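# Structural features, examined
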Amino acid sequence: MNKLQAMEVFIQVVDCGSFTKAAEMLNLPKATVSTLVQTLESTLSVKLLHRTTRQVMITSDGAAYYERCVQILSDVRDAEESLSRHRLNPSGRLRVDTPSGLATEILIPALPAFFERYPDITMELGSTDRPVDLVEEGVDCAVRGGELIDPNLIARRIGVINFVTCASPDYIARNGMPQHPRDLERHRCVNYFSAKNGKILNWDFARDGERIEVALPGAIALNDSNAYVQAGLAGLGVIMMTDYLLTGHLAAGRMVQVLPEWRSDPLPVHIVYPQNRHLSAKVRVFVEWVSELFAAHPNLRLQAPRPSAVPADLQLETV
């Protein structure tokens with residue numbers, strides 16, 4: 001038995017909570033995964049896992065062994081990388097997940113520079129506003145907006161997302177320019193609903209210490225940021241979306257800023273990865289690269305000056 005391989009298989013079974021999912025992640029037959037764990041238990045003379053027809057649960061001995069296996073494999077990989085060229089030339093498949101708007105507007109246009117720097121890395125990029133389970137879905141790292149509540153993830157804050165409220169010029173011409181957030185209650189608004197729980201999100205505004213949170217009427221609600229912006233461009237109503245997705249449309253006159261003196265709370269952006277997963281060279285260089293990318297972006301960098309979402313000459317006067 002290859003002890004290190006058996007440890008790796010055991011860790012994957014625990015992380016996935018399933019022999020079948022672990023086999024899929026490792027690209028091994030399920031029978032091989034099961035045999036390796038059974039052989040490991042026989043060699044150690046302890047039961048590592050409780051198995052039922054529905055689930056796999058770790059024993060107390062298994063939990064202690066799991067922690068040691070994670071540390072041992074991490075040390076082995078560190079030793080290998082310190083003696084190889086991988087630290088300078090990382091390679092292999094990298095699985096990343098990011099919200100759709102960030103993928104299309106920020107990451108994908110910049111990826112040629114990443115692959116030029118790291119030509120031996122191949123990437124599988126998931127772009128969806130649906131939150132993913134990194135361990136269950138085999139994702140190495142993810143870019144996420146908002147406060148993090150998952151204690152199983154290690155997070156590095158890399159930027160901030162700001163929001164702007166706007167509408168198409170045709171919509172403003174037909175319905176007039178709102179002067180106060182409460183005016184939006186008499187307008188059509190494009191709503192956004194959570195891909196996690198289906199809840200329609202309220203809109204929040206702040207100005208000079210005054211805060212307002214409202215649930216607004218709308219003919220349509222979406223759960224994808226790119227589709228949401230398109231709904232605004234189509235004149236379906238007032239939208240509130242991340243400024244990096246709207247700056248170009250505002251500059252070109254395809255959208256008009258609404259309530260420029262009122263701000264919505266910004267969201268922190270983190271890059272996250274499982275705390276019990278070894279941070280390989282390929283993940284490490286991607287984390288550093290994304291951090292550099294955000295630091296160089298005027299709409300996303302931390303502590304960016306935010307006097308206004310768009311220049312004053314692009315803001316439409318009241319009609």
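The present account deals with the structure reproduced in this document.

What counts and what doesn't
Note on numbering: residues in each chain are counted from 1, in written sequence order. Reporting in this predicted model follows two pLDDT cut-offs: at least 70 for local features of residues, and 80 or more for side-chain atom pairs to be given and counted; totals over whole chains, interfaces and linings ignore these cut-offs and use all residues. Hydrogens are left out, water is left out, and the side-chain values use all remaining heavy atoms of the structure. Only protein chains enter the accessibility calculation, which uses a 1.4 Å probe; a residue whose area is less than 20% of its type maximum is buried, one above 50% is exposed, and one in between is partly exposed. Where helices and strands are cited, they refer to DSSP runs of H or I of at least four residues and of E of at least two residues respectively, numbered from the N terminus. A pair of strands is treated as paired once DSSP finds two or more bridges between them. Geometry is summarised by axes, namely lines fitted to C-alpha atoms with helices restricted to the contacting stretch, and by angles between N-to-C directions that run from 0 to 180 degrees. For this classification, under 35 degrees means roughly parallel, over 145 means roughly antiparallel, 65 to 115 means roughly perpendicular, and everything else is oblique. Note: crossing handedness is left-handed where the near helix turns anticlockwise from the far helix by less than a right angle, and right-handed where it turns clockwise. In this analysis, two residues are considered to be in contact whenever any of their non-hydrogen atoms come within 4.5 Å of each other. Any residue outside Ala, Val, Leu, Ile, Met, Phe, Trp, Tyr, Cys, Pro, Asp, Glu, Lys and Arg is labelled polar, Gly included; the first ten of those are nonpolar and the last four are charged. Cavities and pockets are found on a 1 Å grid laid over the protein atoms alone: a cavity is a set of points where a 1.4 Å probe fits but cannot escape, a pocket is an open set with protein on both sides within 12 Å along at least five of seven lines, and a lining residue has an atom within 4 Å of such a point. Grid points are joined across faces, edges and corners, and a volume is the space filled by probe spheres set on the points. Under the rule applied, a polar contact is a pair of N or O atoms within 3.5 Å (in protein, one hydrogen donor and one hydrogen acceptor; residues adjacent in sequence only if both atoms are side-chain atoms). Side-chain atoms within 4.5 Å are what join buried Ala, Val, Leu, Ile, Met, Phe, Trp, Tyr and Cys residues into a set we call a nonpolar core.

### A word on the pairing of strand β14 (residues 267-274)
Burial within β14 is extensive, with 7 of its 8 residues counted as buried. With 4 bridges connecting them, strand β5 (residues 141-145) and β14 associate as antiparallel partners. Across the sheet, residue V143 finds its bridge partner in β14, namely I271. In this sheet, β14 lies alongside strand β6 (residues 153-161) in antiparallel orientation, the contact comprising 8 bridges. Following the sheet pairing, R157 is matched in β14 by H270.

### Comments concerning the packing of helix α5 (residues 100-117) against helix α9 (residues 281-295)
Following both chains from N to C, one finds α5 and α9 inclined at 125°, their axes separated by 11 Å at the closest point. By the angle between their directions, the pair α5 and α9 is classed as oblique. Note that α5 runs across α9; the crossing there is right-handed. The residues of α9 that touch α5, namely those facing L102, I106, L107, A110, L111, F114 and R117, are V285, F286, W289, V290, E292, L293 and F294. Broken down by class, the residue content of the contact of α5 with α9 amounts to 12 nonpolar, no polar and 2 charged.

### What about empty space enclosed by the protein?
Empty pockets left among the atoms are what a rolling probe the size of a water molecule brings to light. This structure, assessed with the given rule, holds 1 cavity of 30 Å³ or more. By volume, the largest cavity amounts to about 40 Å³. For the largest cavity, the full set of lining residues is F163, V164, T165, F205, M240, Q257, L259, W262, R263 and S264. Looking at side-chain class alone, the lining of the largest cavity contains 6 nonpolar, 3 polar and 1 charged residues.

### Describing the side chain of R144
By the secondary structure assignment, R144 is in strand β5. Reaching out from R144, the side chain makes a polar contact with the backbone oxygen of V132 at a distance of 2.3 Å. In contact with R144, not counting residues within four places along its chain, are V132, L134, L153, P268, V269, H270 and V272.

### Quick notes on the nonpolar core
In this structure, W203, F286, W289 and V290 are the most contacted members of the largest nonpolar core, which totals 60 residues. Per-element tally for this core: the top contributor is α9, with 8 residues. The next biggest cluster of nonpolar side chains, apart from the first, holds 21 residues, and it includes I11, F19, L40 and Y66.

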